[in-house]
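Residues per chain are reported as follows:
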Amino acid sequence: MSLGFCILLVSSAFFNCPLQAEEPPVRPSEVSGTLRVTGNGPEHFLLASLAQAFEDQYPTVSVDVFWHEHAKPIRMVELQETDIGVTGYTTPSLRSTAIARDGIAMITNFSNPVSEMSLSQLGDVLSGKTRYWSQVYEEAPEMKIKIVNRSDNQNIRQELLNVLGIKHIQRSARIVDQERHAINLVTGDLSAMSFVSMTPALRAREDGVAINLLFIEKIEPEYQTVLDKTYPLQRPVVFVTQRNPTSLILAFEQFTLSPAGQRIIKANKYYPLNDE
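A brief report on the enclosed structure follows. Since the model is a prediction, treat every value here as computed from it, not as a measurement.

Concerning the nonpolar core
Right, on to step 1. Core analysis: the biggest nonpolar cluster contains 44 residues, and M106, L126 and M193 have the highest contact counts within it.
Right, on to step 2. When sequence neighbours within four positions are dropped, the list of residues in contact with L126 reads M106, I147, L160, L164, I166, H168, I169, Q170 and M193.
Right, on to step 3. Formed by 31 residues, the second largest nonpolar core is a distinct cluster that contains V31, L35, F54 and Y58.

Right under this line is the structure:
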C-alpha cells in the first residue's frame, strides 16, 4: 500500500479521517535540501525525533526545527518563512494534515475532592456558568473555581472549545503559556483547574506532583484510553503547509505517517492516528 496522508477539512472530522493516498509516494531521488519546521506548542521533542529519523533515512536532507513559545507557525507558512507549521487545529486558507493525536488532561489540586466531570459540567465550568466547586460536587468546599487558561499558541484550547461546544473560556481566567506553569499554579491553589497535554500531566503525576487528573464522562485519563479513543478530550497534531507542497514536504509527511513514523509518535507519548 502506498503511503499517504489525510487532509483535515474540519476539526470535527478528525477522529474518523482515513489515511488516503492523496499524493503519490515521493522517490528518494527527489528528496534533498533543507526543510524548515516551526512550532510553539508541546510537540517540540516529537518533531525533533521525527526530524532526526528522517535525516537518518535521507542523508542529503537537513531538517531545521525552529521552536519558540512566541513563534507564529501559521503566519510563517503564509509568508513562506517556514515549510511546515505545527499546530493543533486546521487552517482553511492553507493545507492541513493530521499526523497524530493528543489527549487533553483536566487537572486540579491533589486535595480537591472533585474527581470527575461530565462534558456538560466541564463546559459550564470553563465558560463561567458554574463558578463554585460545590456546584460541581456537593461535598466540595464552597470556594470559587479559578480557571488557569492556556494561550492560543499551545495548540490545546481551540480543540477543547470545539469538543465542549463553547465559544470562550471565562474572561477572568489567568492565561499561561507553558504546561509547567499551568501545573505549578494548580499544585499551589486548592481552587484552581487547568488543562494540559496528556503526556506532561501523566508524567507529573508519576513524579509525585500534587495534581489530580479528572475523569471525563467516567473515563479515566490515561495513555490507553486516549489510544483506544474512549477518552473524549482529544486533539489533532496538524502539519500546515502551502497548498502546493514541495517533494521534500511531502516526503516528510509520508515518513511521519508511515509505520516507522507512527512508532516514533507513539514512543514520544503521542498517539498514532490509528491504534492498531
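This is not the end of the story, as more comes after the structure.
Examining unusual backbone geometry
Right, on to step 1. Backbone geometry at Q80 places phi at a positive 60 degrees, although glycine is not the residue there.
Right, on to step 2. Inspection of the secondary structure puts Q80 in the loop between α2 (73–78) and β4 (84–87).
Right, on to step 3. Relative accessible area serves as the criterion here: at 55%, Q80 is assigned to the exposed category.
Right, on to step 4. Here K269, not a glycine, exhibits a phi torsion of approximately 65 degrees, which is positive.
Right, on to step 5. Relative to the helices and strands, K269 is located in the segment after α10 (259–267).

Quick notes on the packing of helix α3 (residues 119–127) against helix α5 (residues 157–164)
Right, on to step 1. Interhelical geometry of α3 versus α5 gives an angle of 125 degrees and a closest axis separation of 10 Å. Between α3 and α5, the angle is such that the two are oblique. For the pair α3 and α5, the sense of crossing is left-handed. Contact residues: L119, L122, G123 and L126 in α3; L160, V163 and L164 in α5.
Right, on to step 2. For the contact of α3 with α5, a count of residues per class yields six nonpolar, one polar and no charged.

Some thoughts on helix α1 (residues 44–57)
Right, on to step 1. Here α1 contains 14 residues, and its C-alpha end-to-end distance of 20 Å stays within 8% of the 20 Å for a straight helix at 1.5 Å per residue.
Right, on to step 2. Each element contacted by the buried residues of α1 is listed here: β2 (33–39), β3 (61–67), β4, β12 (234–241), α9 (247–257) and α10.

Description of the packing of aromatic side chains
Right, on to step 1. Here the structure, examined in full by the defined rule, presents five aromatic pairs.
Right, on to step 2. Aromatic pair F54 and Y58: ring centres 4.8 Å apart, planes at 50 degrees, arrangement tilted.
Right, on to step 3. Using a relative accessible area of 13% as the deciding quantity, one classes Y58 as buried.
Right, on to step 4. For the ring pair F54 and F252, a centre distance of 5.2 Å and an interplane angle of 80 degrees mean the geometry is edge-to-face. Residue F54 is found in helix α1, and its partner F252 is found in helix α9; the two are separated by 198 residues along the sequence. Of the two residues examined, F54 and F252, each falls in the buried class.

About the cut-offs
Residues numbered from 1 in each chain as written. Predicted model: local features only at pLDDT ≥ 70, side-chain atom pairs only at ≥ 80, totals over all residues. Heavy atoms only, no water. Core = buried A, V, L, I, M, F, W, Y, C linked by side-chain atoms within 4.5 Å. Buried < 20%, exposed > 50% of the residue type's maximum accessible area, 1.4 Å probe, protein only. Contact = heavy atoms within 4.5 Å. Helix = DSSP H or I, 4+ residues; strand = E, 2+ residues; numbered from the N terminus. Axes fitted to C-alpha atoms, helices over the stretch in contact; angles between N-to-C directions. Parallel < 35°, antiparallel > 145°, perpendicular 65-115°, else oblique. Left-handed = near helix turned anticlockwise from the far one by under 90°. Nonpolar A, V, L, I, M, F, W, Y, C, P; charged D, E, K, R; others polar. Expected span 1.5 Å × (residues − 1). Phe/Tyr/Trp six-rings, centres within 6.5 Å; stacked < 30°, edge-to-face > 60°.

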